[in-house]
Amino acid sequence: MSLKSGEWREQIDEVDAALIDEFQSDFPIQERPFEAVGEALGVSAGEALDRVRTLRDDGIFRRFGPVLNPPVIGSSTLAAVSAPEDRFDEVAEIINGYRQVNHNYARDHEWNMWFVVTAGSRQRRDEILAEIEERTGCSVLVLPMLTDYYIDLEFPVVNGDRFARESLETTDATATRISEDAAADLSELDRQLLLEIQTGFPLVATPYRNVADALDADVSDVLSAIKQLQRTGCIKRIGCVVNHIVTGFDNNCMVVWDVPDDALDERGQAVGELPYVTLCYHRPRRPKQDWQYNLFTMIHGREAAIVDQKIDELATEHLPYDHDRLYSTETLKQTGARYDDIVGQ
C-alpha cells in the first residue's frame, strides 16, 4: 500500500476505515477481543485480526495495545537543548541513546532539540537529565507538565479534514494537576504488567492470555489489572495507535504562550475545548534561561497553511498574548515511553 498523501485512503474499504477510526480506543478487554471486534464490523475474528496486522505492516498503525500515561505511572518531563549546528547529530545520538528518552524532535527555534524523558522515579529522571547535560555540554531546559488541560491524539483520519477534528464543534477539557513524582500506587503485578505491555500487545487472537503467560499469571488477574490501570489513569486508552504522519496529518506546530498566571486555568481549559487543539498543558516558566512561556498547545493538520491559520485564530480570538511557534523540522526519535526501572522503585 502506498503511503503517499491520500493514496492509502483509496486502497482501503469500509471495514478498514472503521478499524482505523473507531478502534483507536475502547478495544475490548476480554480474552478473545477480536471476536467482539469482528462482530462489530460484520467479519470473522480471524479477518479482523488479519486486517489489523495488515494495517500495521503497511504503516497505518504504529502499534496495537495500550497508550500509557507517563506522568501518572512514573516521572516525565519535556526538555530541550540548544545544540550547536556542527554538533547537532552528536548531541542527538547521545540523547537518543537513553531508553528513557521516547520522543525527540528538531524544531525551528533557538532551543532546537526537544525530547521527553520518562523514568520510574523523579530521582532517576533527574539523573538522566544531569547526565545529558554533562555529556553534551549543553544546558538543558527542563519543563515538566504541571497541569493537563487536554491531551488526546485520538482523532479520525479517514476523511478530508484539513486539520484534526475539523468536523467537531468542541471537546471536553478539565484542569488536572500533575505531580512530578510517580503518583501511581502499583502492585507487583501492575509493575510487571506495565513493563510487559509498554511497547504494545502481541498481535494475536489472545493478546491478554499471551501477556499473562509471559508473566506466569492467571489471565483473569491480568484482565482485572488492566481494567484497574485504566480506571486509575495509568492506561489512557487501548486500541490501534494510528500513525498520523503517514495518514496525512504530517504538519504540526508546538505553540508556546506567555499567559498571565491568574488567567492560566481559565484560558487553558477554554482552549483545550477547541477541537483543533490536540494538546494543551501548563509547564513552568524558566526566567533564568530566558524562557517566559507557560502554556503549550499543539495543532495537527494536513497542510502547513491550515495549521498557521488555526494558530492565528488562537492568537486573535482566544490567546491574545506573546507567543512563539516551534515548527517540527525532523523526527529524531519516536517510541513509546519506557519504564525499565519501574520494578525497582
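Residues numbered from 1 in each chain as written. Predicted model: local features only at pLDDT ≥ 70, side-chain atom pairs only at ≥ 80, totals over all residues. Heavy atoms only, no water.

So, the side chain of Arg-51
As for its placement among the helices and strands, Arg-51 is situated in helix 4 (residues 45–57). Leave out the neighbours within four places in its chain, and Arg-51 touches Asp-13, Val-15, Asp-16 and Leu-19. (Helix = DSSP H or I, 4+ residues; strand = E, 2+ residues; numbered from the N terminus. Contact = heavy atoms within 4.5 Å.)

Examining the packing of aromatic side chains
Enumeration according to the criterion identifies ten aromatic pairs in this entry. The interplanar angle of 70 degrees and the centroid separation of 5.0 Å between the aromatic rings of Phe-27 and Phe-64 together place this pair among those described as edge-to-face. Highlighted residues: Phe-27 in the loop between helix 2 (14–22) and helix 3 (33–41) and Phe-64 in strand 1 (residues 61–68), separated in sequence by 37 residues. Both residues of the pair, Phe-27 and Phe-64, count as buried. What makes Phe-64 buried here is its relative accessible area of 4%. Here the aromatic residues Phe-23, Phe-27, Phe-34, Phe-64, Phe-201 and Tyr-208 are joined through ring pairs into a cluster of three or more. Taking the ring centre of Phe-296 as reference, the NZ or CZ of Arg-283 above it sits at 5.6 Å. Sitting over the face of the ring of Tyr-276, Lys-310 holds its NZ or CZ atom 4.3 Å from the ring centroid. (Phe/Tyr/Trp six-rings, centres within 6.5 Å; stacked < 30°, edge-to-face > 60°. Buried < 20%, exposed > 50% of the residue type's maximum accessible area, 1.4 Å probe, protein only. Lys NZ or Arg CZ within 6 Å of the ring centre and 35° of its normal.)

What to know about the packing of helix 8 (residues 188–197) against helix 9 (residues 207–215)
In contact at an axis separation of 10 Å, helix 8 and helix 9 are set at 120 degrees when each is read in the N-to-C sense. With respect to helix 9, the element helix 8 is oriented oblique. Between helix 8 and helix 9 lies a crossing of right-handed hand. Contacts between helix 8 and helix 9 involve Leu-189, Gln-192, Leu-193, Glu-196 and Ile-197 from the former and Val-211, Ala-214 and Leu-215 from the latter. Here the contact of helix 8 with helix 9 is built from residues that sort into six nonpolar, one polar and one charged. (Axes fitted to C-alpha atoms, helices over the stretch in contact; angles between N-to-C directions. Parallel < 35°, antiparallel > 145°, perpendicular 65-115°, else oblique. Left-handed = near helix turned anticlockwise from the far one by under 90°. Nonpolar A, V, L, I, M, F, W, Y, C, P; charged D, E, K, R; others polar.)

With respect to the environment of Gln-192
If you trace the backbone, Gln-192 turns up in helix 8. Of the residues examined, Gln-192 reaches a relative accessible area of 31% and is grouped as partly exposed. A C-alpha to C-alpha distance of 7.3 Å links Gln-192 and Leu-215, two positions 23 residues apart in sequence.

Side note on the pairing of strand 10 (residues 277–282)
In terms of burial, strand 10 is a largely internal element, six of the six residues being buried. Note that strand 6 (residues 147–151) and strand 10 share four bridges and pair antiparallel. Paired with Tyr-150 across the strands is Cys-280, a residue of strand 10. The pairing of strand 10 with strand 11 (residues 295–301) spans five bridges and is classified as antiparallel. Directly across from His-282, in strand 11, lies its bridge partner Leu-295. (Pairing = 2+ DSSP bridges.)

Examining helix 12 (residues 304–318)
In this model, helix 12 (15 residues) spans 20 Å end to end at C-alpha, consistent with the 21 Å of a helix rising 1.5 Å per residue. Inspection of helix 12 places Ile-306, Val-307, Lys-310, Ile-311, Leu-314 and Ala-315 among the buried residues, and these make up the whole buried set. (Expected span 1.5 Å × (residues − 1).)

Thoughts on the nonpolar core
Membership of the largest hydrophobic core comes to 50 residues, with the highest contact counts inside it found for Ile-20 and Ile-226. Examining the composition of this core, we find that six residues originate from one element, helix 10 (residues 219–231), more than from any other. Setting aside its immediate chain neighbours within four residues, Ile-20 contacts Trp-8, Ile-12, Leu-55, Ile-60, Phe-61, Val-157, Val-158 and Val-242. If you look at the next biggest cluster of nonpolar residues, it comprises 21 residues, including Trp-257, Cys-280, Ile-299 and Val-307. (Core = buried A, V, L, I, M, F, W, Y, C linked by side-chain atoms within 4.5 Å.)

A short note on the pattern of salt bridges
Enumeration over the complete set of coordinates arrives at 15 salt bridges. Residue Asp-16 is joined to Arg-51 by a salt bridge in which the shortest nitrogen-to-oxygen separation is 3.0 Å. Taken together, the residues span a long stretch of sequence, with Asp-16 in helix 2 and Arg-51 in helix 4 at a distance of 35 residues. The class of Arg-51 is buried, set by a relative accessible area of 16%. In this structure, Glu-131 and Arg-124 form a salt bridge, with 3.7 Å as the shortest nitrogen-oxygen distance. With a relative accessible area of 30%, Glu-131 lands in the partly exposed category. Residue Arg-124 is classed as partly exposed on the basis of its relative accessible area of 23%. (Salt bridge = Lys/Arg side-chain N within 4 Å of Asp/Glu carboxyl O.)

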